[in-house]
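What the coordinates show
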Amino acid sequence: GIRRMFTAVFSPRATPDELKAAIHGWAQARTYAVVAGFIGLIVGGGVMLVNMDDSTAIRPGVVLAFLPLLYGLLLGYGIFLPLQSRLEDRVSELDG
């Protein structure tokens, strides 16, 4: 679970099996964050297309389209990927 993922990141006594499970969890979290961002992009694009006749209503659709994508990419590649890479390095140190 999520608690074990964070425990593996911050615990110096994590076993290789715990680290590998956490690596898998952070990889999934990255995938889910990016997919959620793209879903937000699609929803925002729909809001934008519905309001094409009113130019003042397009701006919220653009914001709704790109902010979730930005947040998803920042979470996925700015936080989750570095955590996963750190754990992979620790596993290679323990195995090698």
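Coordinates for the structure precede this section.
In what follows, the accompanying structure is described. Computed from a prediction, not measured in an experiment: that's the story for all the values here.

With respect to the element layout, Gln84 can be found in helix α3 (residues 58-95). Here Gln84 is in contact with Ile23, Trp26, Ala27 and Arg30, once residues within four sequence places are set aside.

In this section: the nonpolar core. If you look at the biggest cluster of nonpolar residues, it comprises 14 residues, and the most contacted ones within it are Ala8, Val9, Leu19, Ala22, Trp26, Phe80 and Leu87. When residues of this core are traced back to their parent elements, those giving at least two are α1 (2-10), α2 (16-50) and α3. With six residues, α2 is the single largest residue contributor to this core. For Leu87, the contacting residues outside a window of four places in its chain are Ala8, Val9, Leu19, Ala22, Ile23 and Trp26.

With that settled, consider the packing of α1 against α2. As a packed pair, α1 and α2 sit with axes 9 Å apart at the nearest point and diverge in direction by 120°. Considering the angle they form, α1 stands oblique to α2. Between α1 and α2 the crossing geometry is left-handed. Contacts between α1 and α2 involve Arg4, Met5, Phe6, Ala8 and Val9 from the former and Glu18, Leu19, Ala22, Gly25 and Trp26 from the latter.

Quick look at the packing of aromatic side chains now. Applying the stated criterion to the full structure yields two aromatic pairs. Seen in terms of ring centroids, Trp26 and Phe80 are 5.5 Å apart; in terms of plane orientation they differ by 35°. Their pairing is tilted. Of the two residues, Trp26 is situated in helix α2 and Phe80 in helix α3; the sequence distance between them amounts to 54 residues. Exposure remark for Trp26: the relative accessible area of 2% places this residue in the buried category. On the accessibility criterion, Phe80 (15% relative accessible area) is buried. Here a set of aromatic residues connected by ring pairs shows up, and it is made of Phe6, Trp26 and Phe80.

Conventions we followed
- Residues numbered from 1 in each chain as written.
- Predicted model: local features only at pLDDT ≥ 70, side-chain atom pairs only at ≥ 80, totals over all residues.
- Heavy atoms only, no water.
- Helix = DSSP H or I, 4+ residues; strand = E, 2+ residues; numbered from the N terminus.
- Contact = heavy atoms within 4.5 Å.
- Core = buried A, V, L, I, M, F, W, Y, C linked by side-chain atoms within 4.5 Å.
- Buried < 20%, exposed > 50% of the residue type's maximum accessible area, 1.4 Å probe, protein only.
- Axes fitted to C-alpha atoms, helices over the stretch in contact; angles between N-to-C directions.
- Parallel < 35°, antiparallel > 145°, perpendicular 65-115°, else oblique.
- Left-handed = near helix turned anticlockwise from the far one by under 90°.
- Phe/Tyr/Trp six-rings, centres within 6.5 Å; stacked < 30°, edge-to-face > 60°.

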